[in-house]
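# Coordinate analysis (summary)
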Amino acid sequence: MFASPRRTAQFIAFVLTVAAIIAIVFVPSYSIETTSSDHGASYVVMSAYAVNGGGILVPLAFPFVFAVSPLLTRGRAWRPVSIVSAVLLALFTLVAILSMGVFLIPAAIVELVAVFVPSRAWAHRAA
C-alpha cells in the first residue's frame, strides 16, 4: 500500500489520530451535576462537542495537521517534516494529557516509532 514501513506507520498514526478526535468530540466524557431547590442532585454526561460546541474543533485541528503532514510531504522534505510532526504530536499529547491528550497517546507513540523504523532500502542493505 505504501512505499515503506515508515509511511505505513505514519498512516496508522493518522488513523489513530482521527479515531481519537472522533472519540474526543462524540464520546460522553463530561459529567455535569445539577441540583434542585429540594437538594436533589442529578448527573448528566455529555460529549465535548455538546459542552464546548464547535470551538472544540480548533485545538483538535493541531494533532490532525501534525499527523497528516508527513503523509502529504514528498521528496527531501519528508524526513524533517516527519520528525517535526512526531515531536509536535508528542508535545501536544503531553501538554493536553489531563484532558484530550490521553486519547492521542497511541497515535503519538506510533508517529514517534515511524521516525525510527528503518526504511525498506536500509533493511535490504543490512540483510
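You'll find the structure just up there.
Residues numbered from 1 in each chain as written. Predicted model: local features only at pLDDT ≥ 70, side-chain atom pairs only at ≥ 80, totals over all residues. Heavy atoms only, no water.

### Details of the nonpolar core
- In terms of nonpolar packing, the biggest core is built from 15 residues, with Val25, Ile56, Leu60, Leu89, Phe92 and Met100 touching the most fellow members.
- Among the elements of the structure, α1 (5–26), α3 (57–72), α4 (78–95) and α5 (101–116) are those that each provide at least two residues to this core.
- Looking at which element gives the most residues to this core, the answer is α1, with four residues.
- Filtering out sequence-adjacent residues up to four positions away, leucine 60 remains in contact with Ile21, Ile24, Val25 and Met100. (Core = buried A, V, L, I, M, F, W, Y, C linked by side-chain atoms within 4.5 Å. Buried < 20%, exposed > 50% of the residue type's maximum accessible area, 1.4 Å probe, protein only. Helix = DSSP H or I, 4+ residues; strand = E, 2+ residues; numbered from the N terminus. Contact = heavy atoms within 4.5 Å.)

### As for the packing of aromatic side chains
- Applying the stated rule across the entire model yields two aromatic pairs.
- Taken together, a centroid distance of 6.4 Å and an interplanar angle of 40° make the contact between phenylalanine 62 and phenylalanine 66 tilted. Placement of both phenylalanine 62 and phenylalanine 66 in helix α3 is noted, with a separation of four residues, approximately one turn of the helix.
- For phenylalanine 66, a relative accessible area of 15% gives the class buried. (Phe/Tyr/Trp six-rings, centres within 6.5 Å; stacked < 30°, edge-to-face > 60°.)

### A look at the packing of α1 against α4
- Viewed as axis vectors pointing N to C, α1 and α4 meet at an angle of 35°, and their least axial separation amounts to 13 Å. Relative to α4, the crossing made by α1 is left-handed. In this structure, α1 contributes Arg6, Arg7, Gln10 and Thr17 to the contact, and α4 contributes Trp78, Arg79, Ser82 and Leu89. (Axes fitted to C-alpha atoms, helices over the stretch in contact; angles between N-to-C directions. Left-handed = near helix turned anticlockwise from the far one by under 90°.)

### Some words on α4
- In this model, α4 (18 residues) spans 25 Å end to end at C-alpha, consistent with the 26 Å of a helix rising 1.5 Å per residue.
- Here α4 has its buried residues at Trp78, Ser82, Ser85, Ala86, Leu89, Ala90, Phe92 and Thr93. All buried residues of α4 lie within an arc of 160° about the axis, which places them on one face of the element. Among the exposed residues of α4, those pointing more than 90 degrees away from its buried face are Leu94 and Val95.
- Tucked inside the fold, the buried residues of α4 contact α1, α3 and α5. (Expected span 1.5 Å × (residues − 1). Arc of directions from axis to C-beta.)

### A word on the environment of glycine 101
- Within the secondary structure layout, glycine 101 lies in helix α5.
- Sequence-wise, glycine 101 and isoleucine 24 are 77 residues apart; in three dimensions their C-alpha atoms are separated by 9.4 Å.
- Not counting residues within four places of it along the chain, the set of residues in contact with glycine 101 comprises Thr93 and Ala96.

### Section: the environment of valine 15
- With respect to the helices and strands, valine 15 occurs in helix α1.
- In sequence terms valine 15 and serine 31 are 16 residues apart; their C-alpha atoms lie 28 Å from each other.

### What about a nonpolar patch on the surface?
- Judged by side-chain polarity, Ile97, Leu98, Val102, Phe103, Ile105, Ile109 and Val113 come together as a nonpolar surface patch covering roughly 640 Å² of accessible area.
- Checked against the element boundaries, valine 102 lands in helix α5. (Patch = residues over 30% accessible without salt bridge, like charges linked within 9 Å, V, L, I, M, F, W, Y side chains within 5 Å. Areas by Shrake-Rupley, 256 points an atom, 1.4 Å probe, with all protein chains shown as cover. Salt bridge = Lys/Arg side-chain N within 4 Å of Asp/Glu carboxyl O.)

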